[in-house]
Amino acid sequence: MPDVLLIICCVVAFVVLALAGLYLLVYYSHPDDKNDAYLPKLTVISGFMLAGITVLMFPLDVANNEGYAGCAGYDTKFCGGMNMEGMWNALFWMIPMWVFLLIPFMTFYYEADDGMIMAGTSVNPEGKKQSKLCQALCYEFFVAAIALLFFGVAYAAMAETNIPVQEYQSPSYKDLRSGLVQGYGPPVVYTISPYDTINATFSKSDLTEMGSADAHWQQPLKSTGYKMTLTVGVSTFYGGLMAWVGWFLFCLFGGIGLAALPLDLILTYQHRPKHMDAQEFAEAQQSLRVRVNELVEVGELLKIKREERAQAGLTGGPLGRFSLDGDKRKAIREDQQSVTEFKQAVYLMEEDVQDFKDATSNYDNYNPLTPYIALLLGCVSTVISFFWFLHICIYVFPTPPLRPFLNAYFKWFDSWFPLFGVLSVAVFTSYLLVAALKGCFKFGIRFMFFQIHPMKPGKTYMSSFMFNIGLLLLCALPVVQFCQQAFAGYAANSNIRQMFGTQIQNLKFFGWWWRSKVFIYLFLIFFILATMYLCCKPKDKSADARLLRDRLRERSPGGAAASGSLKAEDGELT
């Protein structure tokens, strides 16, 4: 029978995740999406809950303790009684469905254009309305076909796991007693006094402590090692495959986020709004005016460039980058790079404008506790990041581990109250998922290799929500796999430890990556590099709007004339 306390914890966690997802959606969503995009919103909330449940399932599995041998029936007082294996298998199916079916389809549908906005222009001269549903289904069919082909071929070719087995064989008691084993006399025999009552309970105190003679009799043991080949279940294999795919994102973004999250929180306190005198106010206002004028001109040039590409037939929708036409691919790549730089510059300018308002017109409404809360969270996250770094170096990398470190801390906490250790595991596990999201944004805004999707209160569209939820889902299983390996001593009796640590870790092809700890080495390398880089350059730097403007003018012959009315000379407003 499932433990009542664990069931209560599950219900509370489910309700908290649902309320948190709804609150974040309301707090961050853009007013344009109000009373609209209900299905994408439902996908965002359910995806957020799925990512949270996946991460929190690990401490629940640890508390359930179902991997303990006594749970077979003879010692169930330490067992939670919940079917964690079935719950994990359900998650292994649900995560690919959200990542490759629901989120892409909702994104395509949300961003699909019915053509009516550009009706009568060169993009849609006839003013014909297009079906958003058909566009989304076409794109989703392409994504689903590739995902199904990839999953099917991978399972057919690499579903076998080679589990190492160590077999021990000793001489029989009869041979030892008769002296047939050369060099060994009769074995040591222990006796247990009979109980006075029939229903007496056996206790380990009834056994005699083993001595040197017992160690002597272990010497004739013969051990032989071999590998047992099994075919893993479909859900277990897909869980391992999704973890392997997600590790490429998590080792990069998680390593960067582990360094960036504490730093940005501390910088929030350091750059808190402060009173400005008249000269500082004028200089800040003039600088913002210059940047606004430059970005307005860049935006107009981007519109002109896009219309020219539409007239030349060099647009291809969300999948245009995979076009066979080289000119189309180049045009789309240049456009995406320009838009990414433009969005990065606009985002940082909006952040500076908000800081300017908080220090001037909005100073009386600014919450003075905000920077101090950020400082407190920054100090706590610094400690957690440092502990993760130490734990990886002390426990994860060495074989055998030098010290249990966090495993011993969790067990010590459990001696006070069992839930304290489990809650600590939940904090350390969830922290990694938040760090991965932070690392993705930090990497995108610093290097601009892909379009950034920042979460801004009241200014976040559903497409950005779904991008970030997809990233959380992709990183959730790598976080669980990393934690079950990092906390192997504490989570020895969890079901996920047996699934990831035995079946998935020894899969063909994929197993080598985990047994060799390739991803963990990369994770630590990115953390060290990001720490050094961010210490040298802690503040985000905006893309140069003037260089972007000049580059767009060179690509668009008519761009300079068309945007001449918007040009500002050295910061003067038009």
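Refer to the structure presented above.
Anyway, here's the lowdown on the structure attached to this text. This is a predicted model, so every value here is computed, not measured.

Considering a nonpolar patch on the surface
At step 1: There is a patch of nonpolar side chains on the surface, built from Tyr-521, Leu-522, Ile-525, Ile-528, Leu-529 and Met-532 and spanning about 530 Å² of accessible area.
At step 2: With respect to the element layout, Met-532 can be found in helix 16 (residues 518-536).
At step 3: On the accessibility criterion, Met-532 (48% relative accessible area) is partly exposed.

Some remarks on the nonpolar core
At step 1: Residues Trp-388 and Phe-487 are the most contacted members of the largest nonpolar core, which totals 104 residues.
At step 2: Excluding its chain neighbours within four sequence positions, the residues that come into contact with Trp-388 are Leu-258, Phe-428, Tyr-431, Leu-432, Phe-482, Cys-483, Ala-486 and Phe-487.
At step 3: In terms of nonpolar packing, the next biggest core, distinct from the first, is built from eight residues, Val-298, Leu-302, Ala-345 and Ala-545 among them.

Things to note about the packing of helix 10 (residues 369-396) against helix 12 (residues 418-447)
At step 1: Between helix 10 and helix 12, the shortest axis-to-axis distance is 11 Å and the interhelical angle comes to 95 degrees. By the angle class used here, helix 10 and helix 12 are roughly perpendicular. Along the contact surface, helix 10 presents Ser-381, Ile-384, Ser-385, Phe-387 and Trp-388, while helix 12 presents Val-427, Phe-428, Tyr-431 and Leu-432.
At step 2: Across the contact of helix 10 with helix 12, the residue classes tally to seven nonpolar, two polar and no charged.

Side note on unusual backbone geometry
Negative phi values dominate among residues other than glycine, just as trans dominates among peptide bonds.
At step 1: The amide bond that connects Thr-399 to the next residue, Pro-400, takes the cis arrangement and shows omega of -5 degrees.
At step 2: Looking at where Pro-400 falls in the secondary structure, it is placed in the loop between helix 10 and helix 11 (406-416).
At step 3: The phi dihedral of Ala-37 falls on the positive side, at around 55 degrees, and the residue is not glycine.
At step 4: For Phe-405, which is not a glycine, the phi torsion comes out positive at approximately 50 degrees.
At step 5: Take Phe-405: it is sitting in the loop between helix 10 and helix 11.
At step 6: Judged by relative accessible area, Phe-405 falls into the partly exposed class, the value being 26%.

Calculation rules
Residues numbered from 1 in each chain as written. Predicted model: local features only at pLDDT ≥ 70, side-chain atom pairs only at ≥ 80, totals over all residues. Heavy atoms only, no water. Patch = residues over 30% accessible without salt bridge, like charges linked within 9 Å, V, L, I, M, F, W, Y side chains within 5 Å. Areas by Shrake-Rupley, 256 points an atom, 1.4 Å probe, with all protein chains shown as cover. Salt bridge = Lys/Arg side-chain N within 4 Å of Asp/Glu carboxyl O. Helix = DSSP H or I, 4+ residues; strand = E, 2+ residues; numbered from the N terminus. Buried < 20%, exposed > 50% of the residue type's maximum accessible area, 1.4 Å probe, protein only. Core = buried A, V, L, I, M, F, W, Y, C linked by side-chain atoms within 4.5 Å. Contact = heavy atoms within 4.5 Å. Axes fitted to C-alpha atoms, helices over the stretch in contact; angles between N-to-C directions. Parallel < 35°, antiparallel > 145°, perpendicular 65-115°, else oblique. Nonpolar A, V, L, I, M, F, W, Y, C, P; charged D, E, K, R; others polar.

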